[in-house]
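Residue-level listing of the chains:
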Amino acid sequence: MGEIADPVQFKEEGNKHFQAGEIDKAIECYTKAIKSCKDKKALAVIYRNRSACFLKKENYNNAVSDASKAIDVDAADIKALYRRCQALEKLGKLDMAFKDVQRCATLEPKNKTFLETLRRLGADIQQKVMIIFVKMFEQLVNCYKTEQHVCWDAGAERIFQNNGVPLLVQLIDTGKPEMILAAIRTLSGMCTGHRARATAIIHTVGISKLCSIMAVDNEEIVLATANLFQCVYDSLSGGDKRNYGKEEALVLDSSKDLKDILLALLEMIASKKVSGHGRDQALNLLTKNVPRKDKKNTDNSKGLFTIDHGLKKILKVCGQVPDLPDQLPLTENTQLIASVLLNKLYDDMRCDPERDHFRDTCDEYIKSKFDPNDMDRNIHAINTLSGILQGPFDVGNVLAGRQGVMEMMVALCGSEREVDQLVAVEALIHASTKTSKASFFISNGVTLLKDMYKKTKNEKIKIRALVGLCKLGSAGGDDYSMRQFAEGSTEKLAKQCRKWLCNPTLDVRTRKWAVEGLAYLTNDADVKDDFVEDEAALRAMFELSKDKTILYAVACTLVNCTNSYDKKEIIPEMVQLAKFSKQHVPEQHPKDKKDFIERRVKRLLKAGVTSALAVMVKADNSILTDQTKEMLARVFLALAEDIKDRGTIVAQGGGRALLPLALEGTDKGKIKASHALAKIAAVSNPEIAFPAERIYEVVRPLVSLLNTERDGLENFEALLGLTNLAALNDKLRVKILKEKALPEIENYMFEEHDQIRQAATECMCNLVCCKEVQDRYLEDGNDKLKLLVLLCGEDDVQLQRAAAGALAMLTAAQKKLAVKITKVTGQWLEIIQRLCIHDNPEIQHRGLVTVFNMLDADEQLAKKLIECELLEILTYVAKLEDNPKKQDAINAARACLSRAMDTGLIKPFSN
């Protein structure tokens, strides 16, 4: 068959290939037809056909191009218009696609395909516009992060004025996660700090709708919604203390809305429709907002309201047994968070009748669950007791002694069901936590635990029974003479715990109990010494610590291994007196002496303890309690004791991890963390230890150590750390002054302790660059400059060096201070002369610089200096041969003489 030259034949051939699904061959034929076709209308048809081919090939740009060429010839070519619409939609150009299908629907108003496409594209465009709308306002409402509050407030107000909240609700109703997130985050920004807008959002969106969003099984959406609830609650209750400019619109009393929010959250925690993440956040919100933040505030009505309307719901969460059917959805953290909430609510009670009501409600709930014919209800009751024992222990301890409770535990221990035994033994463990108070369980539970440990073949039950025995066996703490078990028994228990800890075939929950056991057994020095030698066990524990539910147990274990707990001071006279009166005298285990502790710290560092601690610090506050933070701070301080180890701590992220511990937690914990920071800041390059903006966060914790309540070592190392920071840049020096450290540093310059006085003077030497510090030295009526001059006359070389440096910089910056030196003490000239002939070249140089500044400051003072012995000293030093070690001093002396010659006080001399 010969070559076809006719464009019509090429087109027909292309049509056949298209119908046969041979798209590439069809494109080839249509392309040949286009090259040979001269007729515009025929050409438009060929372009339209090739556009259909490109659509099939998903080459949308070429499809749009060919369809456009056909439309250029005939604007009413409905096939070309629809094909271009399809291609434009695929390219995401929805508005252009919408215009094309709109023209199609105009030409054929009854065509169902065109009408459906028109409706779909219209909805997609509206959605796209809404997303753009949200993103635009997300930027506006986040302006507060950069303190652009006017911009932020104006943007948030524009949303309200333009019917924005209902639009955001529509976005939520799409059900698409990314759109729900965008809308929720925008709402959070809008209501932050604005009572009127928060009220409008609650009433427009609805509390129940927000709860249903927080109930979904999507952690990111749950967290965003919890944040929205917190922003609303802060705005309605006045918890947001920031100043947002103009007074917001008057709003009716918010107490009803706040009460409705609390009731909705309480409903959530006991609802089966709520996901585990949603339940966690509902509990967290209650924990954060219900108990009083300041116990001086006598209003605990929120706590009482929560107990009346929700205590039984919280207890229901504590009693859930995940291994049973028909339980509430939970995460691994849920029941621990519920116990924390119970503890905070109980602590919030102000008087005995309130505490009695709390205890009676718990008692009534547990009793109501006991049923001789329903074992599932019984283990729910015992699991609820476990939850209370992990929270308000005193309440749990009383309830555990109630008639029938111990009998029920015995019955559960003897059950054939694994779940019954697990619940019972865990309750026994929690009841044994405070051995000084759990007398009932110590007398009744030990035998039960021993029997279970010996008889059971189930590893899960065996390990839990062992942990209970570990707790009871550690009742004596680190008192060597109060060992509960026979010699070697605790080591055997610990060895079994380590074995379970390192066994990857056991489930994580069971292995976590091994850590719980070690937390108690490591009170024994033999156990902790063996444990730190087992690097595999250490690493297994560090890996498990990523599961936040055992942070407390890991922290306890590390505190024991590093001996960083508070130790009672043993006074020899008191020991003799106690022995004479036949009282118990605590004894220290030989392996709890300093050299053993240092060796254990080295082993922990080698195993990567710093990295593990850094991960633990990042846990959520509902799990990382203030007590746990304090223990982590204690461990960090013990690790930083040896100056050689501080580089390792910095390299593994210890500096960054310490910052939150120094700013939040118990007072004692913050002090320990601040001291560890001071140790690191004193010897490390702060820019490496605390990169970027973190370096400015270090200042406040260090300044907190500068008070008389802190011990001398804390004062000293804080001053060293501040000295190191002050040497870096003006911004840090200003930050130190803003934290009101200057008066404290000045006070320490009067300190009798030589090292503290030296450290304070060195710090001042680095701060005198600041104008504010110079102004304080210029003020009349104080002895600041006098002290600095007298310190230059001390025998301590380091102290002299720092004081002379400060004096040199002050006199260079302020000529008035150079003159003022002569008025503060009659010894000034003798001290300056001593500096100028000092054996230490650095001190000599600083003294000569001060002399130059005095010569330059005042003509009469310059004349007085030249007329005394100082001229001979300057001449002697200036005539010395050049010497690299003393060159700075020699050059300074020559500069002094040159200055004197320039002012005509002396005549030029030949060398």
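Position numbers for residues start from 1 in each chain and track the written sequence from start to end. Totals for whole chains, interfaces and linings use all residues, but because this is a predicted model, local features are given only for residues with pLDDT of at least 70 and pairs of side-chain atoms are given and counted only at 80 or more. Hydrogens are left out, water is left out, and the side-chain values use all remaining heavy atoms of the structure.

- The name an unreviewed UniProt entry gives the protein chain is Protein unc-45 homolog B, with Cyprinus carpio as the organism.

### Considering the pattern of salt bridges
- A pairing counts as a salt bridge when a side-chain nitrogen of Lys or Arg comes within 4 Å of a carboxyl oxygen of Asp or Glu. Inspection of the entire model under this criterion finds 51 salt bridges.
- Arginine 834 is the salt-bridge partner of aspartate 795, the closest N and O atoms lying 3.8 Å from each other. With a gap of 39 residues between them, aspartate 795 in the loop between α45 (784-792) and α46 (797-813) and arginine 834 in helix α48 (residues 828-836) connect regions that are remote in the sequence.
- Each residue is assigned to one of three classes by its accessible area relative to the maximum for its type, calculated with a 1.4 Å probe on protein chains only: buried under 20%, partly exposed between the two thresholds, exposed over 50%. Note on aspartate 795: relative accessible area 67%, which makes it exposed.
- Taken together, the shared-partner salt bridges connect Asp363, Lys367 and Arg402 into one network. Secondary structure is summarised from DSSP: a helix means a run of H or I of at least four residues, a strand means a run of E of at least two, and numbering begins at the N terminus for each.

### Let's talk about the nonpolar core
- The nonpolar core is taken to be a set of buried Ala, Val, Leu, Ile, Met, Phe, Trp, Tyr and Cys residues, with the residues joined through side-chain atoms within 4.5 Å. Core analysis: the biggest nonpolar cluster contains 247 residues, and Leu501 and Ile745 have the highest contact counts within it.
- A total of 10 residues in this core trace back to one element, the largest contributor, which is helix α13 (residues 219-237).
- Counting residues in hydrophobic clusters, the runner-up holds 36 residues, among them Ile34, Ala87, Ala105 and Ile125.

### A word on the side chain of arginine 600
- Summarising the element assignment, arginine 600 is placed in helix α31 (residues 594-606).
- Accessibility expressed as a relative area gives 1% for arginine 600, which makes it buried.
- Polar contacts here mean pairs of N or O atoms no more than 3.5 Å apart (in protein, one a potential hydrogen donor and the other a potential acceptor; neighbouring residues in sequence count only if both atoms are side-chain atoms). Here asparagine 563 takes part through its side chain, which lies 2.8 Å from a polar atom of the side chain of arginine 600.
- What makes two residues a contact is simply this: any of their non-hydrogen atoms within 4.5 Å. If we ignore the near neighbours within four places in the chain, the residues touching arginine 600 are Ala525, Lys528, Asp529, Val532, Cys561, Asn563, Lys591 and Asp592.

### Considering the state of the cysteines
- Counting rule for disulfides: a pair of cysteine sulfur atoms within 2.5 Å. All told, the structure shown has zero disulfides when counted by the stated rule.
- Looking at cysteine 769, it has no disulfide partner, and the nearest cysteine sulfur is the one in cysteine 770, 6.6 Å off.

### Topic: the packing of α13 against helix α15 (residues 276-289)
- A fitted line through C-alpha atoms serves as each axis, taken over the contacting stretch for helices, and the angle formed by two N-to-C directions is quoted from 0 to 180°. Between α13 and α15, whose axes approach to 9 Å, the crossing angle comes to 25 degrees. Here α15 runs roughly parallel to α13, going by the angle between their axes. When the axes of α13 and α15 are compared, the crossing they make is right-handed. Taking contact as the criterion, the partners of Glu219, Val222, Leu223, Ala226, Phe229, Gln230, Tyr233 and Asp234 in α13 are, on α15, His277, Gly278, Gln281, Leu285, Lys288 and Asn289.
- Gly is placed with the polar residues, together with every amino acid not listed as nonpolar (Ala, Val, Leu, Ile, Met, Phe, Trp, Tyr, Cys and Pro) or charged (Asp, Glu, Lys and Arg). Along the lines of polarity and charge, the residues of the contact of α13 with α15 split into six nonpolar, five polar and three charged. The cut-offs work like this: below 35 degrees is roughly parallel, past 145 is roughly antiparallel, 65 to 115 is roughly perpendicular, and the gaps in between are oblique. Should the near helix be turned anticlockwise from the far one by less than a right angle, the crossing is left-handed, and should it be turned clockwise, the crossing is right-handed.

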